[in-house]
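Structural overview for review
As a plain string of letters, each chain reads:
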Amino acid sequence: MTLHPSRPLRALLGALALAAALPSLAATKLTIAVVSLDGDPRHAPRRLEKAYPGHPTGRAIDGVRLAAEDSAFELDAAGIALEVRDVVLPNAAGLGKALAELKAAKVQHVVADLPAAELRALVQAAPAALGGAIVFNAAADDDALRGAQCAAHLLHTVPSRAMLSDALAQYLAARNWRKALVLQGPLPGDALLVDAFNRSAKRFGVKATSTKPFKLTGDPRERDLGNVRLLTGSDREHEVVAVLDSDGEFARTVPYATQLPRPVVGASGLVAVPWHPLWERNGGPQLSRRFAKEHKRPMTGHDWAAWIAGRAVATVLVDLPKAPVAQQLKALRGGPVAVDGFKGPRLSFRAWDGQLRQPIFLSHVDGVIGTAPLDGVLHPKEVMDTLGVDEAESACKQRP
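This section reports on the structure supplied with the text. Quick caveat: nothing in here was measured; it's all calculated off a predicted structure. (Residues numbered from 1 in each chain as written. Predicted model: local features only at pLDDT ≥ 70, side-chain atom pairs only at ≥ 80, totals over all residues. Heavy atoms only, no water.)

Here helix H6 (residues 116-130) spans 21 Å end to end across 15 residues, near enough to the 21 Å set by a 1.5 Å rise per residue. The sharpest bend along H6 measures roughly 30 degrees and falls at glutamine 124, with the proline proline 127 sitting one to four residues further on. Within the span of H6, buried status applies to Ala116, Leu119, Leu122, Val123, Ala126 and Leu130. Where the residues of H6 are buried, they touch helix H5 (95-104), strand S3 (109-113), strand S4 (134-137) and strand S5 (154-156). Phi turns positive, to about 70 degrees, at glycine 131, one or two residues after H6. (Helix = DSSP H or I, 4+ residues; strand = E, 2+ residues; numbered from the N terminus. Expected span 1.5 Å × (residues − 1). Bend = angle between axes of the 7 residues up to and from the residue. Buried < 20%, exposed > 50% of the residue type's maximum accessible area, 1.4 Å probe, protein only. Contact = heavy atoms within 4.5 Å.)

In structure tokens:
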């Protein structure tokens, strides 16, 4: 026997179905654009395969798409449909055309997966081209972008060099490994890493016993510059070897190859990173598994920086669904909006330079052995501001 619902019940079921359908029918459609560069040397296939610690192993679009999926329920409840748009610049000259297309699509939230020079060009052009925009830097760790080259509408989800080196120096000080032999490469990025390390070492009481140059070269006259045992053999005072290698190729040869039995830190060995796929607390395993299942690779720090940028956009849209983008920016940068990054505390952006406050993982290839700020490190207002440039030190003068 077939049962037929009564007329009142049919009416109620129909009303409930209609109510469930209305939010999706009336959803406000918004778009996040992820801007990257075709031929970006950081994303060269052979380089991605090497997966050096602290370097990207894929494109930011993967993390932003996962963030949109993770935010779908709360966005749907707020009546928002969020689309992720992949924008790949053919070259730096293609920025103008890309921005014109984004303006036509009414895009006002941009995640940048760009080298520093191309990021600066985007930041300079985006507000006027898009009628106001928030740009999230998910790739470039340059301290200058948080300092003299900062911008009011630029927020950073990837940690700065200063934050990473402060995390490492805090750990060395906590372990009482205060004498470091520094190995420095010949690239401009290596010099910036040394500057950041020296600043952090002074800040937390670590001493560089000596700084020695290394070089990867096939020239037999310079082969001593690539010999780890020779580079680490003459200085016998050091308690730890800090290898500062922005490229990563030399650093991978240093652990277990030093003349004296010493731990290696910096670009290999013990590394400061914003995310590790083996982080086992605060919902980290679930996030890492979702990313690995969808993208067939482990989630790294750059992926997390892209993911948290997408989450920040979703969070401010849910909290302030009717607010103009200028108000959203103020709510994020030093305002009340905070984001759950699966690291423990809710994360907020600093008012003075737009940097996302965040714990930093001290890790090796097989796991996380500590998080910074470390226990015992103090700050008069916010302990996470012991990582990176604090307000009194900041050269950034731009405010939204």
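Still more ground to cover, so stick around.
Let us look at the environment of histidine 43. For histidine 43, the position within the fold is in the loop between strand S1 (28-37) and helix H2 (45-50). Residue classification places histidine 43 among the buried positions, given a relative accessible area of 13%. Through-space distance from the C-alpha of histidine 43 to that of valine 241 is 29 Å; in sequence the pair is 198 residues apart. With residues near it in sequence (within four places) discarded, histidine 43 still touches Leu48, Pro56, Gly58, Arg59 and Asp113.

Attention now goes to the side chain of aspartate 390. Considering the arrangement of structural elements, one finds aspartate 390 in the segment after strand S14 (367-372). It turns out aspartate 390 is buried and unbridged, and the closest side chain with the opposite charge, arginine 203, is 5.1 Å from it. (Lys, Arg positive; Asp, Glu negative; His and termini not counted. Salt bridge = Lys/Arg side-chain N within 4 Å of Asp/Glu carboxyl O.)

With that settled, the discussion passes to the side chain of glutamine 355. For glutamine 355, the location among the structural elements is in the loop between strand S12 (346-347) and strand S13 (360-364). Since its relative accessible area comes to 0%, glutamine 355 is described here as buried. Within polar-contact distance, the side chain of glutamine 355 engages the backbone oxygen of valine 158 at 3.3 Å. Excluding anything up to four places from it in sequence, glutamine 355 contacts Arg146, His156, Val158, Pro159, Ser160, Met163, Ser348, Phe349 and Arg350. (Polar contact = N/O pair within 3.5 Å; in protein donor to acceptor, adjacent residues only side chain to side chain.)

Another point: the pattern of salt bridges. Proximity of charged atoms lets side chains of opposite charge pair with each other. In this structure the tally under the stated criterion is 20 salt bridges. The salt bridge involving arginine 297 is made with aspartate 62; its shortest N-O contact spans 2.9 Å. With a gap of 235 residues between them, arginine 297 in the loop between helix H10 (284-295) and helix H11 (301-319) and aspartate 62 in helix H3 (residues 60-70) connect regions that are remote in the sequence. The exposure class of aspartate 62 is buried, given its relative accessible area of 14%.

Following the criterion strictly, the structure yields seven aromatic pairs and no others. Site record: aromatic cluster; members linked through ring pairs are Trp275, Trp279, Trp304 and Phe361. The ring of tryptophan 304 has lysine 343 sitting right over it, with the charged end atom 3.9 Å from the ring centre. (Phe/Tyr/Trp six-rings, centres within 6.5 Å; stacked < 30°, edge-to-face > 60°. Lys NZ or Arg CZ within 6 Å of the ring centre and 35° of its normal.)

Note that all results are geometric; they support no functional claim without further evidence.
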